[in-house]
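Letter by letter, the chains look like this.
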Amino acid sequence: GAVVSQHPSRVICKSGTSVKIECRSLDFQATTMFWYRQFPKQSLMLMATSNEGSKATYEQGVEKDKFLINHASLTLSTLTVTSAHPEDSSFYICSANVFTGLFNEQFFGPGTRLTVL
Amino acid sequence: AQKITQTQPGMFVQEKEAVTLDCTYDTSDQSYGLFWYKQPSSGEMIFLIYQGSYDEQNATEGRYSLNFQKARKSANLVISASQLGDSAMYFCAMREFFYGGSQGNLIFGKGTKLSVKP
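Parameters and conventions
Residues numbered from 1 in each chain as written. Chains lettered and ligands numbered in written order. Predicted model: local features only at pLDDT ≥ 70, side-chain atom pairs only at ≥ 80, totals over all residues. Heavy atoms only, no water. Helix = DSSP H or I, 4+ residues; strand = E, 2+ residues; numbered from the N terminus. Rg over C-alpha atoms; globule rule 2.2 N^0.38 Å. Buried < 20%, exposed > 50% of the residue type's maximum accessible area, 1.4 Å probe, protein only. Contact = heavy atoms within 4.5 Å. Areas by Shrake-Rupley, 256 points an atom, 1.4 Å probe, with all protein chains shown as cover. Lys, Arg positive; Asp, Glu negative; His and termini not counted. Charge placed at Lys NZ, Arg CZ, Asp CG, Glu CD. Buried area = accessible area lost by both parts, 1.4 Å probe. Salt bridge = Lys/Arg side-chain N within 4 Å of Asp/Glu carboxyl O. Polar contact = N/O pair within 3.5 Å; in protein donor to acceptor, adjacent residues only side chain to side chain. Nonpolar A, V, L, I, M, F, W, Y, C, P; charged D, E, K, R; others polar. Core = buried A, V, L, I, M, F, W, Y, C linked by side-chain atoms within 4.5 Å. Disulfide = S-S within 2.5 Å.

> Got a minute to help me understand the overall build of chain A in this structure?
Helix and strand counts for chain A stand at zero helices and eleven strands. Sequence-ordered secondary structure for chain A, helices as α and strands as β, is β-β-β-β-β-β-β-β-β-β-β. In terms of C-alpha radius of gyration, chain A reaches 14 Å, essentially the compact-globule figure of 13 Å for 117 residues. For chain A, the C-alpha atoms occupy an extent of roughly 45 × 30 × 25 Å along the three principal directions. By the burial criterion, 50% of the 117 residues in chain A qualify as buried. At a minimum sequence separation of 6, the contacts of chain A that also span at least 24 residues come to 53%. Accessible area for chain A stands at about 5900 Å²; split by element, carbon and sulfur atoms hold 52% of it. For chain A, the distance from the average position of its 10 positive side-chain charges to the average position of its 9 negative side-chain charges is 7 Å.

And the structure:
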């Protein structure tokens, strides 16, 4: 199946710093990628849809200036958490759709665990 | 209103036995897809099985089968012959397919934590 990678897998930073998370589709091109956030023992919540060459579409309640998304190429989307605070500590997961011939299967990256001290 | 409901926060099953994880969904669309994902403690989301709303047969993938009851809007996951490695969070999800070919986002339930006992 299609492979989606994320880097870094884990990051610990001080409050007030910015953190960039990369999401790459390794063996396919992804015009659309998705960014999710998952708090402990909770479900995945969609933050935004990242569109190659255009602005991301954010879900209601997600701060655009806080979570900057850039989809510069067909294989790379980045999420930058600006001026991170402890409440931003979470598990961030990206994904991309691949049409398998029957349906759009969504492949997920391994996730990035962010801890803000 | 919740689109995907998983009523079992946690489930226990004895190794080698079968277990059913419940999922009900809410949509007014006629065309949609239902998915089950497994999330082990490492965090990665692993796709397990898919059921299209127009599929007449219940989907099966190895030890996984989906008990699709369209009239009741339920899509329960059945895992046969449970193994210790099946211990994980399981998420039910739905994607709505709109007229013209566009698709909605994947919507997840809250998940069920399955623990397999030796």
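Structure's up, so let's keep going.
> Mind showing me how you'd approach the interface of chain B and chain A here?
Reports often express the size of an interface as the amount of accessible area lost when the parts come together. Contact with chain B, which involves 17 residues of that partner, is made by 18 residues of chain A. Buried area between chain B and chain A, summed over both chains or domains, comes out near 1400 Å², and the portion from carbon and sulfur atoms is 55%. Looking only at chain B, the three residues that lose the most surface to chain A are Met-45, Asn-105 and Phe-108 of chain B, adding up to 30% of its buried area. The tally of links between chain B and chain A comes to zero salt bridges. Inspection of the chain B/chain A interface yields five residue pairs in polar contact (both at pLDDT 80 or more). Of all the secondary-structure elements, those providing two or more residues to the side of chain B that touches chain A are β5 (32-39), β6 (46-52) and β10 (88-96) of chain B. The element contributing the most residues to the side of chain B that touches chain A is β5 of chain B, with three residues. Tallied by class, the residues present in the side of chain B that touches chain A amount to eight nonpolar, six polar and three charged.

> When you look at the nonpolar core in this model, what are you seeing that I'm missing?
Proteins that are soluble and globular tend to have nonpolar side chains buried together. Residue and element names in this part refer to chain A. Core analysis: the largest hydrophobic core is formed by 27 residues, its most contacted members being Phe-67 and Leu-114. Going through the elements one at a time, β2 (10-13), β3 (19-25), β4 (32-38), β5 (45-51), β7 (67-73), β8 (76-81), β9 (90-99) and β11 (112-116) are the ones with two or more residues in this core. In this structure, Phe-67 is in contact with Arg-37, Met-47, Tyr-58, Val-62, Leu-79, Thr-80, Val-81, Asp-88 and Tyr-92, ignoring residues within four places of it in sequence.

> Honestly, the state of the cysteines in this entry has me stumped. Any pointers?
Disulfide: a covalent bond connecting the sulfur atoms of a pair of cysteines. On inspection of all chains with the given rule, the structure shows two disulfides over all chains. Covalently, Cys-23 of chain A is tied to Cys-94 of chain A through a disulfide, its sulfur atoms 2.0 Å apart. Across the S-S bond linking Cys-23 of chain A and Cys-94 of chain A, the dihedral sits near 80°, which makes this disulfide right-handed. Separated by 71 residues along the polypeptide, Cys-23 of chain A in strand β3 and Cys-94 of chain A in strand β9 bring together distant segments of the chain. Each member of the pair, Cys-23 of chain A together with Cys-94 of chain A, is buried. Across a sulfur-sulfur distance of 2.0 Å, Cys-23 of chain B and Cys-92 of chain B are joined as a disulfide pair. In this structure the cystine formed by Cys-23 of chain B and Cys-92 of chain B twists about its S-S bond by roughly -65°; its chirality is therefore left-handed. Of this pair, Cys-23 of chain B sits in the loop between β3 (19-21) and β4 (24-25) while Cys-92 of chain B sits in strand β10, and the two are 69 residues apart along the sequence. Comparing Cys-23 of chain B with Cys-92 of chain B, the two get one shared label, buried. Here Cys-13 of chain A is not cross-linked by a disulfide; its sulfur's nearest cysteine counterpart is in Cys-94 of chain A, at 18 Å.

> Looking at this structure, how should I read the pattern of salt bridges?
A side chain of one charge can pair with a side chain of the opposite charge if their charged atoms are brought near each other. On inspection of all chains with the given rule, the structure shows four salt bridges over all chains. Glu-22 of chain A is paired through a salt bridge with Arg-24 of chain A; the nearest N and O atoms lie 3.4 Å apart.

> Explanation requested: the side chain of Ser-95 of chain A in the structure shown.
Residues and elements named next belong to chain A. Tracing the backbone shows Ser-95 in strand β9. At a separation of 2.7 Å, a polar atom in the side chain of Ser-95 contacts the side chain of Gln-106. Among all residues touching Ser-95, those that are not within four sequence positions of it are Thr-32, Met-33, Phe-34, Tyr-36, Gln-106, Phe-107 and Phe-108.

> Help me out: how do you make sense of unusual backbone geometry in this one?
With the exception of glycine, most residues fall at negative phi, and the peptide bonds are largely trans. Here His-7 of chain A and Pro-8 of chain A are connected by a cis peptide whose omega angle stands at 0°. Relative to the assigned elements, Pro-8 of chain A resides in the loop between β1 (4-7) and β2. Of note in the backbone geometry, Lys-16 of chain B takes a positive phi value of approximately 80° without being a glycine. Residue position: Lys-16 of chain B is located in the loop between β2 (10-14) and β3. Not every positive phi belongs to a glycine, and Lys-73 of chain B is a case in point at roughly 55°.

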